[in-house]
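Chain by chain, the residues:
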Amino acid sequence: MKHHEILIAGFGGQGILFLGRVLAVAGMLEGYEVSWYPSYGPEMRGGTANCTVIISDEEIGATISDRPDVCIVMNEPSFFRFAPTVQSGGLLLVNISLVRAKCEREDLEVLPVPANDLAKLYLDGAEVTNTIILGALLARCPIVQRESAERALAECLRGKREKLYTLNLKALEVGWEFVEKGA
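The structure presented is a predicted model; accordingly, all values stated were derived computationally and were not measured.

So, the overall build of the protein
- In terms of helices and strands, the protein carries six helices and six strands.
- With the C-alpha coordinates of the protein rotated into their principal frame, the extents come out at 40 × 40 × 35 Å.
- Looking at the protein residue by residue over its 183 residues, the buried ones come to 50%.
- Within the protein, counting contacts between residues at least 6 apart in sequence, those at least 24 apart form 57% of the total.
- With the model as given, the accessible surface of the protein reaches about 9,100 Å², and the carbon-plus-sulfur share is 51%.

Shown next, in the form of structure tokens:
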């Protein structure tokens, strides 16, 4: 049985909702039941943003998760708010470029990813930390296949943002390689 509840959190401008949408579309491409539930503050940039994505091979009853099995936190306020909610045995991805706090829980797998630093090092500082985190997530926990994520990126970037597809593919690779090389 496949059932993942993923919470993604950060601030506006980090591509939190986009990351969730890509995961949801990838899940749909693989034939799963999916739910994407965004939540954000009134500010366009700098305000809070989070979303819950549920990917399951069974019908989804609720679109919100109080106890996600996967949590991605892109900034420190999100770390303090959401890390305590992750299920025991779950996976917590932390953007350690912006989160200095350490997770004290011993019942989680914590994957520290310096997403902003990797973007500076390999992608000229491009604002694709969300896709770097996605690559790291899929390398550690194949919620969806990487190829499905690539197809979902193409779908989600269709139209005016199509020119960002190649950059996002590179970002996905950077995150994937970071984990494959021993993160």
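Let's talk about unusual backbone geometry
- For Asp124, which is not glycine, the phi torsion reads 55° and is therefore positive.
- By the element assignment, Asp124 lies in the loop between α3 (115-122) and α4 (129-140).

Considerations on the environment of Glu33
- Along the chain, Glu33 turns up in strand β2 (residues 33-40).
- Judged by its relative accessible area of 41%, Glu33 is partly exposed.
- Distance from Glu33 to Ile60, taken between C-alpha atoms, is 6.9 Å for residues 27 residues apart in sequence.
- Those residues within four positions of Glu33 in sequence are excluded, and the remaining contacts are Ile54, Ile55, Ser56, Glu58, Glu59 and Ile60.

Some thoughts on α3
- For α3, the full list of buried residues reads Ala115, Leu118 and Ala119. Down the axis of α3, the smallest arc covering the buried residues is 100°, so these residues share one side. Along α3, the residues that are exposed and aim more than 90 degrees away from the buried face are Lys120 and Leu121.
- At the exit of α3 stands Asp124, carrying a positive phi of roughly 55°.

Brief notes about the packing of α3 against α4
- Running from N to C, α3 and α4 point in directions that differ by 105°, and their axes come no closer than 9 Å. With respect to α4, the element α3 is oriented roughly perpendicular. Residue-level inspection shows Ala115, Asn116, Leu118 and Ala119 of α3 in contact with α4, the latter providing Thr129, Ile132 and Ile133.
- Its residues assigned to classes, the contact of α3 with α4 shows five nonpolar, two polar and no charged.

Remarks on the nonpolar core
- Core analysis: the biggest nonpolar cluster contains 47 residues, and Ile8, Leu93, Ile132 and Leu137 have the highest contact counts within it.
- Among the elements that take part in this core, helix α1 (residues 16-29) stands out by supplying eight residues, more than any other.
- Excluding residues within four positions of it along the chain, Ile8 makes contact with Ile16, Leu19, Gly20, Leu23, Ala49, Asn50, Cys51, Val53 and Ile72.
- Core analysis: the second largest hydrophobic core is formed by 12 residues, Cys71, Ala83, Val86 and Val94 among them.

Side note on the sheet that holds strand β3 (residues 48-56)
- Strand order in the open sheet formed by six strands is β2-β3-β1-β4-β5-β6, with mixed pairing between adjacent strands. Among the strands making up the open sheet, the edge pair consists of β2 and β6 (109-113). If you compare each strand with its neighbour and ignore which way they point, the axes differ by 10° on average.

Describing the side chain of Thr129
- Summarising the element assignment, Thr129 is placed in helix α4.
- For Thr129, a relative accessible area of 9% puts it in the buried group.

What about the packing of aromatic side chains?
- One pass over the structure, following the stated rule, counts one aromatic pair.
- Taking the ring centre of Trp176 as reference, the NZ or CZ of Arg146 above it sits at 4.9 Å.

About the thresholds
- Residues numbered from 1 in each chain as written.
- Predicted model: local features only at pLDDT ≥ 70, side-chain atom pairs only at ≥ 80, totals over all residues.
- Heavy atoms only, no water.
- Helix = DSSP H or I, 4+ residues; strand = E, 2+ residues; numbered from the N terminus.
- Buried < 20%, exposed > 50% of the residue type's maximum accessible area, 1.4 Å probe, protein only.
- Contact = heavy atoms within 4.5 Å.
- Areas by Shrake-Rupley, 256 points an atom, 1.4 Å probe, with all protein chains shown as cover.
- Arc of directions from axis to C-beta.
- Axes fitted to C-alpha atoms, helices over the stretch in contact; angles between N-to-C directions.
- Parallel < 35°, antiparallel > 145°, perpendicular 65-115°, else oblique.
- Nonpolar A, V, L, I, M, F, W, Y, C, P; charged D, E, K, R; others polar.
- Core = buried A, V, L, I, M, F, W, Y, C linked by side-chain atoms within 4.5 Å.
- Pairing = 2+ DSSP bridges.
- Phe/Tyr/Trp six-rings, centres within 6.5 Å; stacked < 30°, edge-to-face > 60°.
- Lys NZ or Arg CZ within 6 Å of the ring centre and 35° of its normal.

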